[in-house]
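A structural walkthrough
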Amino acid sequence: MSRINPLTQIDFYKSGHIFQYPEGTESVYSNFTARSDRLAPVLRSGLAPFEGKVVFVGLQGFIKEFLIETFDEGFFNIPKDRAVRQYQRRMDTALGVGAVPVDHIAALHDLGYLPIRVKALPEGSRVNIKVPLFTVRETRKEFAWLTNYLETVFSSFNWKPITVATIAYEYRRLLEAYAEVTGADASFVDWQAHDFSARGLSGPEDSMRASFAHLVSFTGTDTVAAIDYAEAYYGADADKELIGGSVPATEHSVMSMGGRLDELSTFRRLVTEVYPAGIVSIVSDTWDFWQVITEYARVLKREILERRPNALGQAKVVFRPDSGDPVKILTGYTDDELVCGADGQPVRLNDGGYTVRSDDGAPQNRDALRITEAERKGAVECLWDIFGGTLTRKGFRVLNERVGLIYGDSITLKRAELILERLRNKGFASTNCVFGVGSYSYQYLTRDSFGMAMKATWGRVKGEARELSKDPKTDNGIKKSAVGLLRVERQGGNYVLFDRQTEAQETQGLLQDVFIDGKLVREQTLAQIRERVRNGG
């Protein structure tokens, strides 16, 4: 990104707005706000209903990465004639020669820094929808055009980390709620949602930022670069703190290389020779997951139980199913999902299996799906039958600490909740499985998931202050903006917006300076952000 002229990171129409403002425009004041959750993924749950707040994170990374590094390397630190010519050529070839004069671009290069002021709430805050997360305005009246010129890049960089951080936090709230109700070890939640999203996101920059947002609520990640991002832009230090971590794990190429007929030997070699100690995660559905989770697990029971603990006292073999319906794979089938006899009990077939009822509840037919006893029980119960375990303080079953499960295919908040609820109904604690959270959660999103937008609400023309607003008659009210200068305060556990403020009032409140005239003036660390989130924002 740093080699690209940052002033071309716009929608084309932004290039002309400097000439469209009234003559004498001296100030443009804008804010960035999450306006709605109507298009958000399913966030409401029985035990942890959504509270109408987003987790604010990512602005500092954007400031350092783009407003400072990219502007320095892609504009201010290159010769003026080259920097201005790059911009002029782009406008000339796309809009017509001379369509966009470039005197203002040359003047910005002469100035040598971005004359804007960004005020923001603390990162890690859980901010009510419709309350601004940050505001932007110029610091020199001749550059009033810059405020909304930068809207496109302010939006494109910031909506995704905020959205991902919010969804990650909702995963955490869900997992904490079920840990509490089943009496499970709450400390396990830090690792229970593991970031698998990198390959499903839009390139390495997107995956670093999004996966960093995941790390605000969890420590489990397979996105190595997210840890680099935390150290580069958020004052983290992996030598002094746990930023993120993972475990050795296999993939299908590893499992299939040994051949299907010798799959058991592949498992044995992995758990006894390659990883005789510590945690190892083994993808287990290359061919027949149910054979692995019943036959192979039983054959390898002694070797699994005799593996050595690592320095942290851990010695666990984690089985990873990777296809099928995650709800059914982990939790099995309930009686009402099977064909039952007159006594209300599932009808057992000659081969020992069962028949799944059709979606409309029709009786058994020859085309109905047949499942095995293992499928009926689900993976958690299958491992319990072999390895046993312990009970929580509330009487729910927890698998033997030497075995575990992780499911990372097509997990969503809705599926995770359904899995946890079904495990609870079967008497199993919530911590019997880890969720690999991937692109189903962190890529099927848009800026409109939480209605995020940057809009101007105040300006000054020839010394006259003007309150600006947007309230389309054809809209349902979501796009209605605040009015004038803004102030944010905290009342109880909520952030509250006060608009139509005087210039003196605008200097008060929780929106504090973070960037002024090309410099970051307030820095926050990952540790501080995590603490703020854990304390409720």
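Structural data are supplied above this passage.
Residues numbered from 1 in each chain as written. Predicted model: local features only at pLDDT ≥ 70, side-chain atom pairs only at ≥ 80, totals over all residues. Heavy atoms only, no water.

1. Re the pattern of salt bridges
- Evaluation of the coordinates by the stated rule reveals 32 salt bridges.
- Residue Lys-80 is joined to Asp-110 by a salt bridge in which the shortest nitrogen-to-oxygen separation is 3.0 Å. With a gap of 30 residues between them, Lys-80 in helix α3 (residues 80–95) and Asp-110 in helix α4 (residues 103–111) connect regions that are remote in the sequence.
- For Lys-80, a relative accessible area of 35% translates into the label partly exposed. (Salt bridge = Lys/Arg side-chain N within 4 Å of Asp/Glu carboxyl O. Helix = DSSP H or I, 4+ residues; strand = E, 2+ residues; numbered from the N terminus. Buried < 20%, exposed > 50% of the residue type's maximum accessible area, 1.4 Å probe, protein only.)

2. Some details on the sheet that holds strand β7 (residues 278–283)
- Read from one edge of the open sheet, 5 strands run β6-β14-β13-β8-β7, paired in parallel fashion. The open sheet has two edge strands with one neighbour each: β6 (193–195) and β7. In this sheet, adjacent strand axes meet at a mean angle of 25° when their direction is disregarded.
- Pairing of strand β8 (residues 315–320) with strand β13 (residues 403–407), which is carried by 3 bridges, proceeds in the parallel orientation. Across the sheet, the residue bridging to Val-317 is Val-403, located in β13. (Pairing = 2+ DSSP bridges. Axes fitted to C-alpha atoms, helices over the stretch in contact; angles between N-to-C directions.)

3. Comments concerning the environment of Arg-269
- Within the secondary structure layout, Arg-269 lies in helix α11 (residues 263–274).
- Residue Arg-269 is classed as partly exposed on the basis of its relative accessible area, which comes to 37%.
- Residues Arg-269 and Lys-141 lie 128 residues apart in sequence; the distance between their C-alpha atoms is 70 Å.

4. Structural notes on helix α12 (residues 289–299)
- Those residues of α12 lying buried are Phe-289, Trp-290, Val-292, Ile-293, Tyr-296 and Ala-297.
- Measuring from the backbone nitrogen of Trp-290 back to the side-chain oxygen at the start of α12 gives 3.0 Å, which picks out Asp-288 as the cap. (Polar contact = N/O pair within 3.5 Å; in protein donor to acceptor, adjacent residues only side chain to side chain.)

5. So, the environment of Trp-159
- Within the fold, Trp-159 resides in helix α6 (residues 151–182).
- The buried category is assigned to Trp-159, whose relative accessible area is 16%.
- For the pair Trp-159 and Ala-368, spaced 209 residues apart in the sequence, the C-alpha separation amounts to 45 Å.

6. Side note on the state of the cysteines
- The final tally for this structure, using the stated rule, is 0 disulfides.
- Note on Cys-340: no disulfide assigned, nearest cysteine sulfur contributed by Cys-382 at a separation of 19 Å.
- Owing to a relative accessible area of 30%, Cys-340 belongs among the partly exposed residues under this scheme.
- With no disulfide partner, Cys-382 has as its closest neighbouring cysteine sulfur the one in Cys-433, 14 Å distant. (Disulfide = S-S within 2.5 Å.)

7. Observations regarding the packing of aromatic side chains
- Summed over all chains, the structure comprises 21 aromatic pairs.
- When the ring of Phe-32 is compared with that of Phe-134, the centres are 4.9 Å apart and the planes differ by 5°; the resulting orientation is stacked. Note that Phe-32 is positioned in strand β1 (residues 25–34) and Phe-134 in strand β5 (residues 132–138), a separation of 102 residues in sequence.
- Given the relative accessible area of 0%, Phe-32 is considered buried. (Phe/Tyr/Trp six-rings, centres within 6.5 Å; stacked < 30°, edge-to-face > 60°.)

8. A look at the nonpolar core
- Core analysis: the biggest nonpolar cluster contains 136 residues, and Leu-59, Leu-67, Ile-116, Phe-134, Phe-154, Phe-319 and Leu-405 have the highest contact counts within it.
- At 15 residues, α6 tops the list of elements feeding residues into this core.
- Ignoring sequence-local partners within four residues, the contact set of Phe-319 consists of Phe-267, Ile-282, Ser-284, Val-292, Ile-293, Ala-297, Ile-304, Leu-383, Val-403, Gly-404, Leu-405 and Ile-406. (Core = buried A, V, L, I, M, F, W, Y, C linked by side-chain atoms within 4.5 Å. Contact = heavy atoms within 4.5 Å.)

9. Thoughts on the sheet that holds strand β15 (residues 452–461)
- One open sheet accounts for 7 strands, arranged β16-β15-β1-β5-β3-β19-β20; its pairing is antiparallel. Only two strands of the sheet have a single neighbouring strand rather than two, namely β16 (464–467) and β20 (519–520).
- By the bridge criterion, 4 bridges tie strand β3 (residues 116–120) to strand β19 (residues 512–516) in an arrangement that is antiparallel. Its bridge partner lying in β19, Val-118 is registered against Phe-515.
- With respect to the sheet, α6 is in contact with β1, β3, β5 and β15, its orientation differing from that of β15 by roughly 140°.

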